[in-house]
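Coordinates in review
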Amino acid sequence: MMAMLEDPSAERLDVQEQFWKPVTEDRLGYCLYRSLAQPGLADDQLERIIDRSRQRNRSNGLTGCLHYENGVFFQWLEGPWRQVFRLLDALRDDDRHMDMTILDQGSLDRRLFPDWKMRFSDRRAASLFDWLADWNSRPDDEGAYAERVGVFLRSIKAEGPGNGA
Ligand SMILES: Cc1cc2nc3c(=O)[nH]c(=O)nc-3n(C[C@H](O)[C@H](O)[C@H](O)COP(=O)(O)O)c2cc1C
């Protein structure tokens, strides 16, 4: 009978695959990227991005923060890998910004922004460009640059209600 001739390792592979998916795709990951806003992006377009992002992140289990200054976005996304990847795909197709550069990504044991569906900050909260200008490291040191941006984003103090908690 055919069933008796089946390779038993086929079943083992299935089991492995089922095991592999949850431990990787459901594992917490983060991505930090920088992009350039579409020229002339209006305030109401920015507000729509933030509002929609918070709604969607709430249902997708994503948290993080978005900083916008001088027409440049810096976003820290964190959540299950599957959701982070899905959002990165959507972001690449979004023509409200361009030139996306991934600065850093990796796994997390715990979230850095657990209370923020997407915290938003701009120059009024603190200036990332001033912060980077005060820093004397070599400009081509990408790892240190990403680290410095991450420190800045984490240093911004949480603001009042309505900011994505
Ligand atoms: C700078 C920027 C940041 C964004 N951040 C998020 C976000 O945190 N979460 C989210 O769901 N969408 C975010 N979006 C919107 C996504 O690019 C996309 O429009 C949205 O996820 C809907 O995708 P879909 O139409 O393919 O379903 C952002 C867009 C921009 C331009």
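The present account deals with the structure reproduced in this document. This one's a predicted model, so the numbers in the text were calculated from it and none came from an experiment.

This brings us to helix 3 (residues 43–60). At 3.6 residues per turn, the α-helix brings residues three or four places apart onto the same side. For helix 3, which comprises 18 residues, the first-to-last C-alpha distance of 25 Å matches the rise-based estimate of 26 Å (1.5 Å per residue) to within 8%. Of all the residues in helix 3, the buried ones are Ile49, Ser53 and Asn57. Angular distribution of buried residues about the axis of helix 3 spans 50°; they occupy a single face of the element. Among the exposed residues of helix 3, those pointing more than 90 degrees away from its buried face are Asp44, Glu47, Arg48, Asp51, Arg52, Gln55 and Ser59. Packing partners of the buried residues in helix 3 comprise strand 2 (63–69). One or two steps after helix 3, the chain reaches Gly61, where phi turns positive at roughly 75°.

Further remarks concern the nonpolar core. In this structure, Cys65, Trp76 and Leu77 are the most contacted members of the largest nonpolar core, which totals 22 residues. Of all elements in the fold, only strand 1 (28–37), strand 2, strand 3 (72–80), helix 4 (81–92) and helix 6 (142–155) reach the threshold of two or more residues within this core. Once residues lying within four places of it in the same chain are set aside, the contact partners of Trp76 are Tyr30, Leu32, Gly64, Cys65, Phe113 and Leu153.

The next thing to look at is the site of the ligand. If you check the shell around the ligand, you find 14 residues, and the closest are Ser53, Arg56, Ala90, Asp94 and Arg96. At the level of secondary structure, the elements contributing two or more residues to the shell around the ligand comprise helix 3, strand 3 and helix 4. Ranked by residue count, the leading element in the shell around the ligand is helix 3, at 4 residues. Taken together, the residues of the shell around the ligand break down into 7 nonpolar, 4 polar and 3 charged.

Next up on the list: the environment of Leu62. Following the sequence through the fold, Leu62 ends up in the loop between helix 3 and strand 2. Residues Leu62 and Gly29 lie 33 residues apart in sequence; the distance between their C-alpha atoms is 10.0 Å. Once residues within four sequence positions are removed from consideration, Leu62 is found in contact with Asn57, Leu77, Glu78, Gly79, Gln83 and Leu87.

Tracing the chain through its elements places Leu112 in the loop between strand 4 (97–107) and strand 5 (119–122). On the neighbour-count criterion, Leu112 (15 C-beta atoms within 10 Å) is partly exposed. Expressed as a C-alpha distance, the spacing of Leu112 and Leu77, which sit 35 residues apart in the sequence, is 9.7 Å. Beyond its immediate chain neighbours, meaning those up to four positions away, Leu112 contacts Glu78 and Arg154.

Basis of the calculations
Residues numbered from 1 in each chain as written. Predicted model: local features only at pLDDT ≥ 70, side-chain atom pairs only at ≥ 80, totals over all residues. Helix = DSSP H or I, 4+ residues; strand = E, 2+ residues; numbered from the N terminus. Expected span 1.5 Å × (residues − 1). Buried ≥ 20, exposed ≤ 12 C-beta atoms within 10 Å, placed from the backbone. Arc of directions from axis to C-beta. Contact = placed C-beta atoms within 7 Å. Core = buried A, V, L, I, M, F, W, Y, C linked by C-beta atoms within 7 Å. Near = placed C-beta within 6 Å. Nonpolar A, V, L, I, M, F, W, Y, C, P; charged D, E, K, R; others polar.

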